[in-house]
Amino acid sequence: MRILFVASEAFPIVKVGGLADVTSSLARALMHLGHDPCLILPRYGSITAPVEDVPGSGFPVSFMGSREQVALQKTTLEGGIPVYLVQNENYLGACQIYDRDELKRFLLFSTSLPEAIARLGLRPDVIHCHDWHTALAPLYLRQAGAEAPCVFTIHNLAYQGPFDREFLLQSGLSTTWQEHTPSEAPEPGLNFMSQGILLADFITTVSPNYASEILTPHYGEGLERLLHYRRNELCGITNGIDYDEYNPATDPHLARNYDSDTIPGRVDNKIALQKECGLPQEYGVPLFGMVSRLEEQKGIDLLLQAIDRFITETGSQLVALGEGREHYQRLLGRLALQFPDRLSVFTGYDERLGRLIYGGADMLLMPSRFEPCGLGQLIAMRYGAVPVVRHTGGLVDTVHDVAQDDGNGYVFQGYTVPELLQAVKRAEAGFYDRDDWQSLMRRNMNLDFSWKASAGKYEEIYLLARDTFRARSG
Ligand code: ADP
Ligand code: GLC
């Protein structure tokens, strides 16, 4: 199948979070299954990968009552997968990809899509759109009479691309929208996400547990009725990670490479990490790591509330790497100054340091409030860091408490300081039990969280989407 991914991020071209990992690694996994994937993204100013212009690809787009000039460029992912870039000076060229212009940015991107596909001569068998940034694509593709089904993947329902009535009128969405909204459907919200849910031929999200959670008011973010309406075309497929990209035996960012047969060598990474963090370099002290966007979703407020007790009631160290809300960055930074022997905080996005944390920390902490899938825990297991997670979303599908037979981590239920601390202390006690701990690490490193199983599930969904598409096109 010729599969076109429409997305806002793809690693290593542009990455803010796990979305970028998924688009590029799933595309590669589909290629290995014999398909022909390609991607289309906005051409942000921050992209440094070598790009070439697609000759004669310029075209005008009617946009918010005026005309914007758009052109196409091309680059490739490892393995030769083509990535097409939609270029426009006024809206798409910014370096910051999510900012106050994001609605217009992704509106222009989606509006340009049908013509871009035609000019590139892509003729996809399926168009796979990712998250709210591309959720209007099914609408514009339908309007343009596209001849391929659309699959829409929800990576995070909390981000919907909300807008007001003025934007609705200015964008011209109000007329297009009415024309294509089925009369029996619940009223869609004023946001991009609703349109993807309403109009895609099939909807997926990134873990089976999150797929059921989002049908409830607690996790549905106000879209649960709409999701219920589409529940027969909704399913959860657990994310994988690229086992070549995330491989402790070859990762160039580590101080020392190792695999499940050479786990003792891993300690060099721990010492290198402690050194870089300014923490006492002691391999016998448990070291917790966090690599996370600093947002409410990730449980940062819970961590902040728990820090004093973490310091007084455990003997562990903690290193956190994250970028996001300034408020969290400031508070964490202040705590790191207060407890320099126990806590180290790096703000910003740092691929190398992230890998050293996965390859050097003993545990990876993910106290998420909600988590559609989560890749951190999967990367951690591949690198031998034991996950300590809250029981939510995809963390439920991928991490089972060590109290169970197939246990691979430490799990706590409630979003509370005592429950978080109890899991931390249990993990700490586990760490001191050296033989059992090493077997746990080894078992986790040998688990398979690659795309092997999940990529096949996407193939099935593409075929189902084709059936829905055929039924609706008569
Ligand atoms: P989300 O997509 O919600 O941010 P995931 O766990 O799915 O969460 O994916 C996060 C990805 O981004 C992982 O690959 C993680 O290692 C990476 N990451 C997050 N924050 C940083 C950071 N500050 N520096 C480097 N990598 C980061
Ligand atoms: C989102 C979610 C995360 C998921 C990632 C990739 O950013 O927050 O849980 O793993 O997308 O699907």
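All of these numbers come straight from a predicted model, not from anything done at the bench.

A. Spatial organisation of the overall build of the protein. When helices and strands are tallied, the protein shows 17 helices and 16 strands. What you see for the protein is a C-alpha radius of gyration of 23 Å, in line with the 23 Å of a compact globule of 474 residues. In terms of its C-alpha atoms, the protein occupies a principal-axis envelope of roughly 65 × 45 × 40 Å. When burial is assessed residue by residue, the protein has 59% of its 474 residues classed as buried. Long-range pairs, those at least 24 residues apart, make up 71% of the contacts in the protein between residues at least 6 apart in sequence. When the accessible surface of the protein is summed, it comes to about 19000 Å², and 48% of that surface belongs to carbon and sulfur atoms. Across the protein, the 42 positively charged side chains and the 59 negatively charged ones have centroids separated by 1 Å.

B. Inspection of the domain arrangement of the protein at higher detail. Per the domain assignment, the segments making up the protein are domain 1 (2–240 + 452–473) and domain 2 (263–448). The C-alpha centroid of domain 2 is placed 33 Å from the C-alpha centroid of domain 1. Listed as interface residues are 22 residues of domain 1 and, on the opposing side, 21 residues of domain 2. The junction of domain 1 with domain 2 conceals about 1500 Å² of combined surface from both sides, 58% of it contributed by carbon and sulfur atoms. Between domain 1 and domain 2 we count one salt bridge in total. For Asp-448, the salt bridge is made with Lys-452, and the minimal N-O distance between the two is 3.4 Å. Linking domain 1 to domain 2 there are nine residue pairs in polar contact (both at pLDDT 80 or more). Listed by contribution, the elements that provide at least two residues to the side of domain 1 that touches domain 2 are helix H1 (18–32) and helix H7 (208–213). The dominant element in the side of domain 1 that touches domain 2, judged by the number of residues it contributes, is H7, at four residues.

C. Structural view of the pattern of salt bridges. On inspection of all chains with the given rule, the structure shows 22 salt bridges. The salt bridge involving Asp-242 is made with Arg-28; its shortest N-O contact spans 2.9 Å. Note that Asp-242 is positioned in the loop between strand E10 (234–236) and helix H9 (267–277) and Arg-28 in helix H1, a separation of 214 residues in sequence. Looking at Arg-28, the relative accessible area reads 11%, which means it is buried.

D. Expanded view of the site of ligand 2. Near ligand 2 there are 14 residues, and of these His-155, Asn-239, Gln-297, Glu-371 and Gly-374 occur at the shortest range. Here an oxygen atom of ligand 2 and a side-chain polar atom of Asn-239 are 2.8 Å apart. Gln-297 is positioned with one of its side-chain polar atoms (N or O) 2.9 Å from an oxygen atom of ligand 2. No other element matches the three residues that H1 contributes to the shell around ligand 2. Classifying every residue of the shell around ligand 2 by side-chain character gives six nonpolar, six polar and two charged. Both domain 1 (2–240 + 452–473) and domain 2 (263–448) contribute no fewer than three residues apiece to the shell around ligand 2.

E. Fine view of the sheet that holds strand E11 (residues 287–294). Reading across from one edge, E13-E12-E11-E14-E15-E16 is the order of the six strands in this open sheet, with parallel pairing throughout. Looking along the sheet, the strands with just one partner apiece sit at the ends: strand E13 (343–347) and strand E16 (410–412). On average, each strand axis in the sheet is inclined to that of its neighbour by 15°, with strand direction left out of account. Relative to E16, strand E15 (residues 386–390) runs parallel, the two sharing three bridges. Considered in E16, the bridge of Val-388 is made with Tyr-410. Across the sheet, helix H12 (residues 351–360) touches E11, strand E12 (317–324), E13 and strand E14 (363–366), and the angle it forms with E11 is around 145°.

F. Geometry of the site of ligand 1. What surrounds ligand 1 is a group of 22 residues, the closest being Gly-18, Arg-293, Lys-298, Tyr-358 and Leu-375. Within the side chain of Lys-298, a nitrogen or oxygen atom sits 2.8 Å from an oxygen atom of ligand 1. In the model, an oxygen atom of ligand 1 is placed 2.8 Å from a nitrogen or oxygen of the Leu-375 main chain. Here ligand 1 has 560 Å² of accessible area as a free molecule, and 91% of this is covered by the chains.

G. Representation of the pairing of strand E4 (residues 59–63) in the model. Side chains of E4 alternate between two faces, with Phe-59, Val-61 and Phe-63 buried and Pro-60 and Ser-62 left unburied. Direction of pairing for E4 relative to strand E5 (residues 66–77): antiparallel, over a ladder of five bridges. Considered in E5, the bridge of Ser-62 is made with Arg-67.

Definitions and cut-offs
Residues numbered from 1 in each chain as written. Chains lettered and ligands numbered in written order. Predicted model: local features only at pLDDT ≥ 70, side-chain atom pairs only at ≥ 80, totals over all residues. Heavy atoms only, no water. Helix = DSSP H or I, 4+ residues; strand = E, 2+ residues; numbered from the N terminus. Rg over C-alpha atoms; globule rule 2.2 N^0.38 Å. Buried < 20%, exposed > 50% of the residue type's maximum accessible area, 1.4 Å probe, protein only. Contact = heavy atoms within 4.5 Å. Areas by Shrake-Rupley, 256 points an atom, 1.4 Å probe, with all protein chains shown as cover. Lys, Arg positive; Asp, Glu negative; His and termini not counted. Charge placed at Lys NZ, Arg CZ, Asp CG, Glu CD. Domains from an automatic or database assignment. Buried area = accessible area lost by both parts, 1.4 Å probe. Salt bridge = Lys/Arg side-chain N within 4 Å of Asp/Glu carboxyl O. Polar contact = N/O pair within 3.5 Å; in protein donor to acceptor, adjacent residues only side chain to side chain. Near = heavy atom within 4 Å. Nonpolar A, V, L, I, M, F, W, Y, C, P; charged D, E, K, R; others polar. Pairing = 2+ DSSP bridges. Axes fitted to C-alpha atoms, helices over the stretch in contact; angles between N-to-C directions.

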